[in-house]
Every structure is written in structure tokens, then in C-alpha cells.
Amino acid sequence: MERANAWKKYQEEDKRQAVYDFADGYRKFLSEHKTERECAAFFEAEAKQAGFENLDEIIASGKTLKAGDKVYAINKKKMVAAFVIGKRPLSDGMRILGAHIDSPRLDLKQNPLYEDTDMALLDTHYYGGVKKYQWVTLPLALHGVIVKKDGSVINVCIGEKDEDPVFGVSDLLIHLSAEQMEKKASKVIEGEDLNVLVGSIPVESKEEKECVKANVLRILTEQYDIEEEDFLSAELEIVPAGKARECGIDRSMIMAYGQDDRVCAFTSLLAMLETKDVKRTACCILVDKEEIGSVGATGMTSKFFENAVVELMDVVEGYSEVKFRRTMANSKMLSSDVSAAFDPLYAASFEKKNSAFFAHGLVFNKYTGS
């Protein structure tokens, strides 16, 4: 089968510039949205700007929907479903794009801050499938939300601005790591050692036993309005710091954290925002928790999607259990995620005649596994 490099289709200057312009928007999205909450907020804002209405507000108003109307639903600020109503009944089925917006990261535990030998550290638990050795000696940022005692919510983002500090996980110097270098890659860095270094200056105090920790808490309180008790109700994630960058002398690639699976989520939503005049109802669903099995109240195994379709049916043509079941049975979905392109440096891990190739377009996986 003949393969063609996609760049050959974009030889003209205007076509190639259109590719770079689109990539600039994608890079900006990756740089500014590194958690599922941040992605969901971005997608909601984009949907509103494109004329999509909130489904909950439609229900509350008693309004009915017709072909061509555009609505969206949000679940716990971590999942988004957008719909463009088609001309045919919902029971004829929908055409669905699906992708996930969570990525591997380090989560802070509920009592994360501690001091050991004049160092202040944050205790973490890794989320998703991570190569743990990749997370050491890397500039890291802190993203997330904190719910205060009065119910107010503080959005946290430390480590992304040029003037911000960054954080890191330490590793051994090479001349101290003889034993470490004998370990398997999965054991070189243990999960329990992925604790983040956040301070080393003590406060001057005769009363405090942990003076470095006390100084970190002082700074958190003064500069970010964060107290130690707030960690209990916080959802804070450690992610690689810094912007997405163009990669290669020819600027043909993008190097960034979180492209699994935000590359599919970003493109799916933009396609959805441009969708109009459809025969069957179009849907785009962007979900959380894929990296740990799609579990929980914001994963695909939750009832959010089914509930959203039930509510949509109710305001379009009237709900019935039979019509809902027909809708689901007659729907077709493109579930989008990343795949691995053939890498000549690791050729033994691929079967060349059945592999995807870099810059050769979309990939369809008939099977997957380890």
C-alpha cells in the first residue's frame, strides 16, 4: 500500500500557512489548559461563543428545540457534551465524536505538606500510566482549585508565568547512583519517591519545630490565600511547567505535555463548532478519567451522557424509554485517542507493515493492547 507524507499536499504557501495558523491555536490551548477542569472551562467558553446554549437553562425555561439548534451540557466542570440537533428524529441515532481531556500527572494527597531535614515537600500520588523516571529533575507547576471554608473557590496556577517559581522532584547524582542504575526502569524511581520539593528557607522562630514548612505556609497564605487546612478540600495537580513549543528546525512538530488526548479533544470540538445543517443529531463528548479506566462520576462509565441524551430528547421530541434505547442503538461513534507512530529508534517495538507513520494523516486502529 502506497503511503504519502501529508506535508506534500500543503506545498503552496497559503495552504501551509493555514496549517501553521491552526497549530498556533492548538499550541496556545495546550499551554494554557493542562487539567481537565481548565479544558472543560475552555470548551464551554468556545461553545458559548459559537452560539451553543446551556441545556440546563433550556430545560428551566421550558423551551423546546428544533433542527439546527445547538446546546451543550457540563458535568461537575470536568465533562462536556455538545449537540447540534438534526432534521431526523433522535431515535434514528446520533453521530458522535468522543475524546478524553485528562492526562497523566501527580495529584497532591489530602495532607501533602511536610518537612524533612530542612526541606519542605509535597506528598503526591501519580495518576494514570506514568513512566515515573520521566518526572524527576523536571520543572513542574501546580494547577487546580481550592474550596475555602466559606464555600468560595480559589483557582490555583503556580509555575507558568515567567516570574513564578517552579517545583521539582529530585534525583540522585550519577556518582551516587550505582545501585539505582542496576534497577529495572519501572523501579529506578518509586512512586512513593515522587514527592515535590517546594522550599528550603526556615522562618526564625523558637516555637516552630518545622521552620521550613512554616515558611512555606506563610508564603502560601500571604501570596495565594492558601492555608494548610485548605489542602483537605483542594484538588491540586502537579504538571510539567512551560509552554508548548514548535519542535524541529522546520517547525513541523509540537512538543508539549498533555497531547494524549487533548489533540483529539481540541480538534473534535472545533469540528463540532463548525457543524450545521445535519440530518442526524451530531454530538461531541469530552470526558475525564480515561487514564484510570473511565471510572467515577466524571468518567465515561457515569450516567452523565445517558442523562444528557434523555434531557435532550425530552425538549426535542418528548422522551420515552423505547425511543431512548433506539437512539443509543442506532448511534455511531468515533472514539478518538492517540496512537504510536513508527519510530526508527525503537523499530523492534513495531510491525512496520501494520504501523502508523508520522505525518501520514489520521490513524484507524482495528485492535490495540500491550
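Scroll up a little and you will see the structure.
Below, the structure is looked at part by part. All values derive from a computational prediction rather than experimental measurement.

Looking at a nonpolar patch on the surface
For step 1, the next point in the chain: A cluster of nonpolar residues, Leu172, Leu173 and Leu176, forms a patch on the protein surface that exposes about 300 Å² of accessible area.
For step 2, the next point in the chain: Turning to its location among the elements, Leu172 is positioned in the loop between strand E8 (153–158) and helix H4 (185–188).
For step 3, the next point in the chain: Leu172 gets classed as partly exposed once you look at its relative accessible area, which sits at 44%.

Looking at helix H5 (residues 211–224)
For step 1, the next point in the chain: Compared with an ideal rise of 1.5 Å per residue, which puts 14 residues at 20 Å, H5 spans 19 Å between its outermost C-alpha atoms and is within 8% of the ideal.
For step 2, the next point in the chain: Buried positions along H5 lie against strand E5 (105–116), strand E6 (119–127) and strand E9 (196–199).
For step 3, the next point in the chain: Phi turns positive, to about 60°, at Asp225, one or two residues after H5.

Some thoughts on the nonpolar core
For step 1, the next point in the chain: By size, the foremost hydrophobic cluster in this structure holds 30 residues, and its most contacted members are Leu142, Val156 and Val196.
For step 2, the next point in the chain: When contributions to this core are tallied by element, the ones reaching two or more residues are E5, E6, strand E7 (140–147), E8, H5 and strand E10 (234–240).
For step 3, the next point in the chain: Look past the residues within four positions of Leu142 in its chain and what remains in contact with it is Leu108, Val156, Cys157, Ile158, Phe167, Leu236, Glu237 and Ile238.
For step 4, the next point in the chain: Counting 26 residues, the second largest nonpolar core, distinct from the first, contains Tyr26, Phe29, Met272 and Ala282.

Here we look at the environment of Phe358
For step 1, the next point in the chain: In this fold, Phe358 is placed in the segment after strand E14 (332–335).
For step 2, the next point in the chain: Taking C-alpha positions, Phe358 is 8.0 Å from Asn5, a pair spaced 353 residues apart along the chain.
For step 3, the next point in the chain: The contact partners of Phe358, leaving out residues within four places of it in the chain, are Met253 and Ala341.

A look at the packing of aromatic side chains
For step 1, the next point in the chain: Inspection of every chain in the model, using the stated rule, returns 10 aromatic pairs.
For step 2, the next point in the chain: Between Trp7 and Tyr20 the ring centres are 5.9 Å apart and the planes differ by 35°, which places this aromatic pair in the tilted class. A residue pair is termed long-range when its members are at least 10 positions apart, and Trp7 in the segment before helix H1 (13–32) and Tyr20 in helix H1 qualify at 13 residues.
For step 3, the next point in the chain: What makes Tyr20 partly exposed here is its relative accessible area of 21%.
For step 4, the next point in the chain: Geometry around Tyr127 places Arg105 over its ring, the cationic atom sitting 3.7 Å from the centre.

What about unusual backbone geometry?
For step 1, the next point in the chain: In this structure, Asp261 follows Asp260 across a cis peptide bond, with omega equal to 10°.
For step 2, the next point in the chain: Inspection of the secondary structure assignment puts Asp261 in helix H6 (residues 259–273).
For step 3, the next point in the chain: For Thr117, which is not glycine, the phi dihedral falls at a positive 45°.
For step 4, the next point in the chain: Note that Thr117 resides in the loop between E5 and E6.

Cut-offs applied
Residues numbered from 1 in each chain as written. Predicted model: local features only at pLDDT ≥ 70, side-chain atom pairs only at ≥ 80, totals over all residues. Heavy atoms only, no water. Patch = residues over 30% accessible without salt bridge, like charges linked within 9 Å, V, L, I, M, F, W, Y side chains within 5 Å. Areas by Shrake-Rupley, 256 points an atom, 1.4 Å probe, with all protein chains shown as cover. Salt bridge = Lys/Arg side-chain N within 4 Å of Asp/Glu carboxyl O. Helix = DSSP H or I, 4+ residues; strand = E, 2+ residues; numbered from the N terminus. Buried < 20%, exposed > 50% of the residue type's maximum accessible area, 1.4 Å probe, protein only. Expected span 1.5 Å × (residues − 1). Contact = heavy atoms within 4.5 Å. Core = buried A, V, L, I, M, F, W, Y, C linked by side-chain atoms within 4.5 Å. Phe/Tyr/Trp six-rings, centres within 6.5 Å; stacked < 30°, edge-to-face > 60°. Lys NZ or Arg CZ within 6 Å of the ring centre and 35° of its normal.

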